[in-house]
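# Fold and geometry: a report
Single-letter residue listing:
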Amino acid sequence: MYVYRPHDKQLLSERVAQFRDQTRRYLDGQLSNDEFLPLRLQNGLYIQRYAPMLRVSVPYGMLSSTQLRMLGRIAREWDKGYAHVSTRQNIQYNWPDLEDVPDILAALAEVEMHAIQTSGNCIRNVTTDEFAGINAAEIEDPRPWCEIIRQWATFNPEFAYLPRKFKIAVNAVPDADPALIGVHDIGVQVVHRDGETGFRVLAGGGLGRTPMVGEVIGDFVPWPHLLSYLEAILRVYNKYGNRDNKYKARIKILVKALGAEKFRALTEAEFAELKDGPMTLTADEVDTMRGHFSTPAYDTALGQRPAALEEALASNKAFNRWFHTNVTAHRQPGYAAVTLTLKKTGRAPGDITDEELDAVADLAETYSFAEARTTHQQNIVLGDVRQDQLFPLWEKLDALGFATPNLKLLTDMIACPGGDFCSLANAKSIPIAEAIQRHFDDMDYLHDLGPIDVNISGCMNACGHHHIGHIGILGVDKKGREYYQITLGGRGDKVSKIGEKLGPSFDADQVVPVIARLVDLYVEQRKPDELFVDTYERLGIEPFKERAYATDH
Amino acid sequence: MPQIIKDGVIVDDTWQRLDAEALAALQALPDGPVIVPLAYWQAHRESLKARGDVGVCLEPGEEPAALADDFAALPLVAINFPAFKDGRGYSYARELRTRYGFKGEVRAVGDVLRDQLFYMQRVGFNAFVIRADRDIHDALNGLRDFSVTYQGDVNDPRPIYRRH
Ligand code: HEM
Ligand code: SF4
């Protein structure tokens, strides 16, 4: 992964000093609430229902064991012993004291981490496929491009006061969208054309109040011009984005209002001026970045499916099930990627304790070159595990509660913190997630159902990505009471697609029975090997609507 | 005399900034260096150009392109930040310097605060009228928040990977 150079360290220590001074001036009354707000937000600090929330940046999801241990230490010393994996691959703390944040940042800086631009109206953490670099389907590793973008975006002086937050994702898998680039402000697709690397650039996607899938703005941007092209888009957005109405301020509204054609023309005009200028990327720099993500010291003598693995698969049913659910193929023969599901019933999706962070750090060290990755589904991946080590690793994961064999299944839900923590919520999400997990606790049944994405948000800000769940659940408020609206047919699996509303919203105690009825309909109607969402696409919304609102069921 | 930060030091400010309302109340433009709104400049362009001591203030939504033919005659362009959160002025300043090669003073006025200065100087502002209720000496420190930057900027267009 990216290892800091001296200048990166210098930058972070200066940042810590700057924020320490800003916090001091705020506490002394020299900075008003309003003035401190964007400063603290650009450092990932929200003021929440009970306490501030601090969002720590995890660039493109990569974490070392050293960093995991520090995250654990922070949870222990400054929080209540928990951290939370977010849908943008970051780590969040729900209970730090404002006064302690400078010390937390100093601790993070020791391990080359920070909270820069994890929130606020600036360019946020760049995200990508959690299997980046190990996914056999990708055309090249997207992470060097992510790091190049990260550095360009960090404290970019022109884009620190944008109309609204700005999120960029990079994907290098053709014909699939594991990084959800379709629903980001800018989505960057790595493509090869005539032997040259370039990018298809989308703009104007996003979830939230007005969910949209982005439009292709740049069809093929050759690699040296990546940053100039991004800068051109950002400049158009900075100049023409709506600043009068927060709800119309995202780039998706601008792209929609101008139309993709006009937006493209404005971008091209800016790009014409920047192209071939000093920010043009050099082969040297790209090589240096690639060097940071070089292949770990794999044992290249390993074959696929070693005897130890085959034996364990044959003799242990639970391991076999987990293997088929939570283990992903790897581009390197003899290795596999393992997903630790943070979705144990009774625990908020994505929550992880200080001790568990330490345990994951140890396991990463023993089994995966001391590296782990966070996922947008709020799980953690050990990316480079030898296949002959899968069984001993599974035993340890099982003991820790990370081996729930439900990856991508109905109980592997994405859920935002909702009304339990978030002051913007219209309804709770965590208890709904838990009720679903309790109802669907039969593993055989879950496996029979196959992959179903259930995504839950406590309000229309869509932190839980409900729009792109096969089944989306959105908390709504009606006359001070909590209700839940259901959407169907959203996708964040192969492509990004926004779900359709089923109809009037439901009481909290109706959510589980309604989902059960929808799932029943699927089981009755599916063709062999057909996913829930494919059956939905084939049948359309009507039969699902009928079943969901049928009272004789 | 009021003071501003200019080219990294605190100096007396010789310029008088007049908004549309103040101008309407006057019979004629006063002597001495003045900053006028874009609309006033456009209405009186020829006579103002001849004076050589008149600057223009751009508001958010008024792009530097409106002055494309005038830069040779302009000693100063001010950019107003009615609220510090409105970041359009950052792109305008950058355009003034890089697209139009403007060499005169680029001055930040309005809601100008210490914690934005580091960014502002990097996009091409070289003068800052600090909000009246703030300590200008304290604000000066804001110009020195960082010694490292990743991207190129108006003062040094080379990003870090070209700065060997
Ligand atoms: C508890 C404190 C939180 C607050 C106050 C908060 C606030 C918000 C707001 C206001 C938006 C809407 C922005 C818009 O207009 O599009 C938003 C979007 C989002 N939030 Fe949060 N959020 C919180 C926690 C989280 C958590 C815990 C996650 C991850 C689990 C998360 C992930 C996201 C994502 C992915 C979006 C993006 C929607 C899009 O693509 O447009 N947020 N959040
Ligand atoms: S979706 Fe709403 S309730 Fe959930 S975390 Fe985001 S802002 Fe809070």
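Now for a look at the structure at hand. Here the structure is a predicted model, which is why all the values come from computation and not from measurement. Each chain carries its own residue numbering, running from 1 in the written order of its sequence. Lettering for chains starts from A, numbering for ligands starts from 1, and both go in the order in which the items are written. Given that the model is predicted, a residue must reach a pLDDT of at least 70 before its local features are reported, and side-chain atom pairs must reach 80 or more before they are shown or counted; all residues, however, enter totals for whole chains, interfaces and linings. As a rule here, side-chain values cover all heavy atoms of the structure and leave hydrogens and water aside.

## Overview of the environment of phenylalanine 118 of chain B
Residue and element names in this part refer to chain B. What counts as a helix is a DSSP run of H or I of at least four residues, what counts as a strand is a run of E of at least two, and both are numbered from the N terminus. As for its placement among the helices and strands, phenylalanine 118 is situated in helix H5 (residues 114-122). Residue exposure (1.4 Å probe, protein chains only): buried if accessible area is under 20% of the type maximum, exposed if over 50%, otherwise partly exposed. According to the relative accessible area criterion, phenylalanine 118 is buried, its value standing at 9%. Spatially, the C-alpha atoms of phenylalanine 118 and aspartate 145 are 6.6 Å apart, while their sequence positions differ by 27 residues. With sequence-adjacent residues up to four places away left out, phenylalanine 118 is seen in contact with Gly142, Leu143, Asp145, Phe146 and Thr149. Whether two residues are in contact is decided by their heavy atoms, any of which lying within 4.5 Å being enough.

## Section: the side chain of glutamate 130 of chain A
Residue and element names in this part refer to chain A. Along the chain, glutamate 130 turns up in the loop between strand E6 (127-128) and helix H5 (143-153). Counting rule applied: Lys, Arg positive; Asp, Glu negative; His and chain ends not counted. Any carboxyl oxygen of Asp or Glu that lies within 4 Å of a side-chain nitrogen of Lys or Arg is treated as forming a salt bridge with it. Of the side chains with opposite charge, lysine 408 lies nearest to the buried glutamate 130, which makes no salt bridge, at 5.8 Å. With sequence-adjacent residues up to four places away left out, glutamate 130 is seen in contact with Gln89, Arg373, Thr374, Thr375, His376, Gln377 and Val381.

## A look at the site of ligand 2
Here a residue is near a molecule or strand as soon as one of its heavy atoms is found within 4 Å of it. The environment of ligand 2 is formed by Cys416, Pro417, Gly418, Cys422, Leu424, Ala425, Ser457, Gly458, Cys459, Asn461, Ala462 and Cys463 of chain A. Here the term charged refers only to Asp, Glu, Lys and Arg, the term nonpolar to Ala, Val, Leu, Ile, Met, Phe, Trp, Tyr, Cys and Pro, and the term polar to all other amino acids, Gly among them. Taken together, the residues of the shell around ligand 2 sort by class into eight nonpolar, four polar and no charged.

## Brief notes about the interface of chain B and chain A
Chain B puts 35 residues into the contact, and the matching count from chain A is 46 residues. Note on chain B versus chain A: buried area summed over both sides is about 3600 Å², and carbon and sulfur give 51% of it. Considering only the surface of chain B that becomes buried against chain A, Tyr119, Tyr150 and Tyr161 of chain B emerge as the three largest contributors, covering 21% of it. As used in this structure description, the phrase polar contact means that two N or O atoms lie within 3.5 Å; if the pair is within protein, one of them must be able to donate a hydrogen and the other to accept it, and residues adjacent in sequence are counted only when both atoms belong to side chains. Run the count over chain B and chain A and you get 28 residue pairs in polar contact (both at pLDDT 80 or more). Within the residue set of the side of chain B that touches chain A, elements represented by two or more residues are helix H4 (88-98) and H5 of chain B. Per element, the largest residue contribution to the side of chain B that touches chain A is seven residues, and it comes from H4 of chain B. Residues that form the side of chain B that touches chain A fall into these classes: 13 nonpolar, six polar and 16 charged. By buried area we mean how much accessible surface two parts lose on assembly, using a 1.4 Å probe and totalling the loss over both.

## Describing the packing of aromatic side chains
Between rings of Phe, Tyr and Trp, where Trp is taken as its six-membered ring, a pair exists when centres lie within 6.5 Å; planes separated by under 30 degrees are stacked, by over 60 edge-to-face, and by other angles tilted. All told, the structure shown has 31 aromatic pairs over all chains when counted by the stated rule. The interplanar angle of 40° and the centroid separation of 6.4 Å between the aromatic rings of phenylalanine 319 of chain A and phenylalanine 323 of chain A together place this pair among those described as tilted. Of this pair, phenylalanine 319 of chain A and phenylalanine 323 of chain A both sit in helix H11 (residues 317-326), four residues apart, roughly one helical turn. Judged on exposure class, the residue phenylalanine 319 of chain A and its partner phenylalanine 323 of chain A are both buried. The rings of Tyr161 of chain A together with Phe81, Phe84, Tyr90, Phe125 and Phe128 of chain B are connected pair by pair, giving a single aromatic cluster. Only when the NZ atom of a Lys or the CZ atom of an Arg is both within 6 Å of the ring centre and within 35 degrees of the ring normal do we say a charge sits over the ring. Lying across the ring of tyrosine 247 of chain A, arginine 209 of chain A places its NZ or CZ 3.5 Å from the centre.

## Quick look at H4 of chain B
Residues three or four positions apart in an α-helix share a direction because the helix packs 3.6 residues into each turn. Across the 11 residues that make up H4 of chain B, a large majority, 10, are buried. The set of residues buried in H4 of chain B consists of Arg88, Gly89, Tyr90, Ser91, Tyr92, Ala93, Arg94, Glu95, Leu96 and Arg97 of chain B. Packing partners of the buried residues in H4 of chain B comprise helix H6 (226-240) and helix H8 (260-274) of chain A together with strand E6 (76-81), strand E7 (105-110) and H5 of chain B.

## A word on the pattern of salt bridges
The final tally for this structure, using the stated rule, is 65 salt bridges over all chains. With its nearest N and O atoms 2.7 Å apart, the salt bridge here joins arginine 69 of chain A to aspartate 362 of chain A. Of this pair, arginine 69 of chain A sits in helix H3 (residues 65-78) while aspartate 362 of chain A is found in helix H12 (residues 354-367), placing the two residues 293 residues apart along the sequence. The partly exposed category is assigned to aspartate 362 of chain A, whose relative accessible area is 39%. Aspartate 86 of chain B is the salt-bridge partner of arginine 243 of chain A, the closest N and O atoms lying 3.1 Å from each other. In this pair, arginine 243 of chain A is assigned in the loop between H6 and helix H7 (251-258) and aspartate 86 of chain B in the loop between E6 and H4, connecting two distinct chains. Counted as one network, the salt bridges with shared partners bring together Glu158, Glu231, Arg235, Lys239, Glu270 and Glu273 of chain A together with Glu63, Arg94, Glu95 and Arg99 of chain B.

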